[in-house]
Every structure is written in C-alpha cells, then in structure tokens.
Amino acid sequence: MKNKATSFDIAHMAGVSQSTVSRALNDSPLVNIETRRKVQEIARQLNYKVDKNASNLRRQRSSTIALLLFEDPTSDDSMINPFFLSMLGSITKASASRGYDLLVSFQNLDSDWHAEFEDSHKADGIILLGYGDYRSYEGKLTQLQEQGTHIMRWGAPVAEYPGISIGCDNFQGGKDVTEHVLSLRQGNFAFIGDVGDKAPEFQARYEGYLRALEQHSETAVASVQIDAISAESAGIDAAQQLLERQGPLPDAIVCAADIIAVGVLKTLKAAGVQVPADVAVVGFDNIQLSAFTTPSLTTVQQNTIQAGEALVENLLRAIEGEQTTDYLMPATLIVRQSCGCESNE
C-alpha cells in the first residue's frame, strides 16, 4: 500500500519548510498568497487531507528540537568531547534546512535535566549526545519515553535502553584499524579504553580489535587491556601504567578514542619512546586534533555530517508518527604517520 503523503512531502516539493506548509494550509497571512496557492495546489495533487485532530496537535508543537550535550572530562574547561563539537554544526544545519530551531543545552548526567521536558512543550523531540554511562540515566529516558517524548540517541544500539540509536559500526572500525596495524607489525598489542557494559561503543571497538587479533594469532597477541574513559588524562595514566610494567612495551597500542591517544602520545614522547619506530599508536573518532599531533594520528572516522542528518531526519520522522529503527553508519580508516605509514589524506 502506498504511504500517505505528509506535510514533509509537500514541503520538499514546494521548496519551503514544514512549518510554512502548515501555515499555508491554514491560510495564515504570515505566508504570502503566491506561496499559499503553490502549497495548496501541491496538497491537492497529492490528495493530502488535513487531519483535524493532528492539526490541533501540530499547533501545540514548538518546531524546535532539543539537543542535550552531556559533559565529559576534558583537558580544558569545556567538558565537551571534541568529537561532539564537530557533530553540532551538522545537526544545526540539518535542523534549519527542515524549518526547525535547535535548542542546545549542556547537561550534567547527575542533574534532573529530564524534568524540564516532562510537562513543557519547549521541544518536539530530543537528541542526546554523550559517551557517559548509559545506566546512570536509563530511568530518566524511560520516564520521558513513557510520556510520549521522542528521543534519538547517538551511540551504540542497546536493546534495553529507551529511544532510537544512530551510531557508527564500532566493531568494524575497531577491527579495520587493528588489521591495518597488523599488516605493518607483529608482536604484542595493547588496547586502552573502558570495555565494560557502561561503555558499549568502546566495548564494540574492543571486540573488533580482539577479532582481528584472533584471525592473526600466529603473529600477534593481545597482551594487555587498560580501562580508560574518553579523556586525555586517562590516556596519560594508561600510558604511564604501560611504562611502569615489567618487560618491554607493546609493539602497538590501539586506543578506543583519539583523545585517549593524544594523552598516550604525550606520555610516550616525554619518556623518550619513539612513535612509530618503537611502538605504533592508533585512535578512533578522527577529531580535528588528530591530524596535528606529532606524529599525526592514524584513526577511524565517523561521518559527522551524515550522523547529524540521520539524527535529525529520524527524529522528525518519529515526530510525524513514522516508524524508525536503530541504524549503524560505516566507519572509515584514516591512515597517518603514527602507525608507521605516510598519510593517505
């Protein structure tokens, strides 16, 4: 059965925003007569019928999306993971192109941030960005979902967590970057990153790392794994642990995030360890800084432009009552100097 036309279909054909379509179909004087006629003619061609009940609900909408950024430990006072800063621009652009305003709010995971959205109509849906412990705010998300709030999360799909998830194929990305390093050197490998169930993205990257090593078990082994959150200071601490262990350093270090790798590179350099001559180091995320470290960092790119588009598009579909599902985007290997290769950029 052919899907019914929606106001978004009309907006696309008319080259206007969805909010303009709503006003035009209601003969609002805020829309010029030419645009009103154009929109109404397209609606007739598509046999679009205004549902009076839905129209009443739409009038209660704010045409605003709330973007909640959760704080992360950082080397400065921003408390914002630099990876999410790169995604902010694409979400803003995607929202504006669809006639929606974006309300950006910086939150502490321990605060009662969800309370602001319990009874208010300040936003039609929420996008969540952050690599915090999902378990710490699962109850808050459940409460929002039970009251009909539309929620879109960036991150790994986890069945028991409320909301739809848009994320990267972390398993494949972890496997690809490890296989690349395996093509360059043999020996002992280390993984730095929290692999517990509170960090499903890091856990998936670690599983991809292990899969690659299992497939090359004749030439390389996983010698050590050190927990680390997504912070430069955590990378510094983990690298210091490696330096203080008895025996030689690993031949390669795979970091669950670029910001961790930045701390590792700094610590190794201070200790006189040459990267990549003595040890290869790779990361994940392709934050802007990764191209300017010494040496430049081999990493895995998550397409932040595509991510922003997908988060906004799927949230708006959910707001319109359409079915949405979890989605994983492909990851892309970015080769630079820290693995022992020349940059492929």
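Preceding this section is the structure that the text describes.
What comes next is a walk through the structure. (Residues numbered from 1 in each chain as written. Predicted model: local features only at pLDDT ≥ 70, side-chain atom pairs only at ≥ 80, totals over all residues. Heavy atoms only, no water.)

Quick notes on the packing of aromatic side chains
Phase 1: Scanning the model with the defined rule gives five aromatic pairs in all.
Phase 2: Look at Phe83 and Trp154: their rings are 6.1 Å apart centre to centre, the planes differ by 45°, and that puts the pair in the tilted class. Placement of Phe83 in helix 5 (residues 82-97) and of Trp154 in strand 4 (residues 150-154) is noted, with a sequence separation of 71 residues between them.
Phase 3: Overall, Trp154 belongs to the buried group, its relative accessible area being 2%.
Phase 4: Between the aromatic rings of Phe191 and Tyr209, the centroid separation amounts to 5.1 Å while the plane-to-plane angle is 50°, which identifies the pairing as tilted. Taken together, the residues Phe191 in strand 6 (residues 187-192) and Tyr209 in helix 8 (residues 200-214) connect sequence positions 18 residues apart. Just as Phe191 is buried, Tyr209 falls in that class too. (Phe/Tyr/Trp six-rings, centres within 6.5 Å; stacked < 30°, edge-to-face > 60°. Helix = DSSP H or I, 4+ residues; strand = E, 2+ residues; numbered from the N terminus. Buried < 20%, exposed > 50% of the residue type's maximum accessible area, 1.4 Å probe, protein only.)

Details of the environment of Gly148
Phase 1: Looking at the secondary structure, you find Gly148 in the loop between helix 6 (138-146) and strand 4.
Phase 2: Separated by 23 residues in sequence, Gly148 and Gly125 place their C-alpha atoms 9.5 Å apart.

Some points on the side chain of Ser95
Phase 1: Here Ser95 is to be found in helix 5.
Phase 2: With a relative accessible area of 0%, Ser95 lands in the buried category.
Phase 3: In this structure the side chain of Ser95 is engaged in a polar contact, spanning 2.9 Å, whose partner is the backbone oxygen of Ile91.
Phase 4: Discounting residues that sit within four places of it in the chain, Ser95 has contacts with Ile65, Tyr100, Leu102 and Val312. (Polar contact = N/O pair within 3.5 Å; in protein donor to acceptor, adjacent residues only side chain to side chain. Contact = heavy atoms within 4.5 Å.)

Concerning the pattern of salt bridges
Close approach of charged atoms allows side chains of opposite charge to pair.
Phase 1: The final tally for this structure, using the stated rule, is seven salt bridges.
Phase 2: The partner of Glu313 in a salt bridge is Arg98, with the nearest N and O atoms 2.9 Å apart. Within this pair, whereas Glu313 is found in helix 11 (residues 304-319), its partner Arg98 is found in the loop between helix 5 and strand 2 (101-107), the two being separated by 215 residues in sequence.
Phase 3: The class for Glu313 is partly exposed, based on a relative accessible area of 34%.
Phase 4: Of the charged contacts, one joins Glu179 and Lys175 as a salt bridge, the two residues approaching to 2.6 Å between their closest N and O atoms. (Salt bridge = Lys/Arg side-chain N within 4 Å of Asp/Glu carboxyl O.)

Let's talk about the packing of helix 7 (residues 170-182) against helix 8
Phase 1: Running from N to C, helix 7 and helix 8 point in directions that differ by 40°, and their axes come no closer than 7 Å. Judged by the inter-axis angle, helix 7 sits oblique to helix 8. As helix 7 packs across helix 8, the resulting crossing turns out to be right-handed. Where helix 7 abuts helix 8, its residues Asn170, Phe171, Gly174, Lys175, Thr178, Glu179 and Leu182 lie against Glu201, Ala204, Arg205, Glu207, Gly208, Tyr209, Arg211, Ala212 and Leu213.
Phase 2: In terms of residue class, the contact of helix 7 with helix 8 is made up of six nonpolar, four polar and six charged. (Axes fitted to C-alpha atoms, helices over the stretch in contact; angles between N-to-C directions. Parallel < 35°, antiparallel > 145°, perpendicular 65-115°, else oblique. Left-handed = near helix turned anticlockwise from the far one by under 90°. Nonpolar A, V, L, I, M, F, W, Y, C, P; charged D, E, K, R; others polar.)

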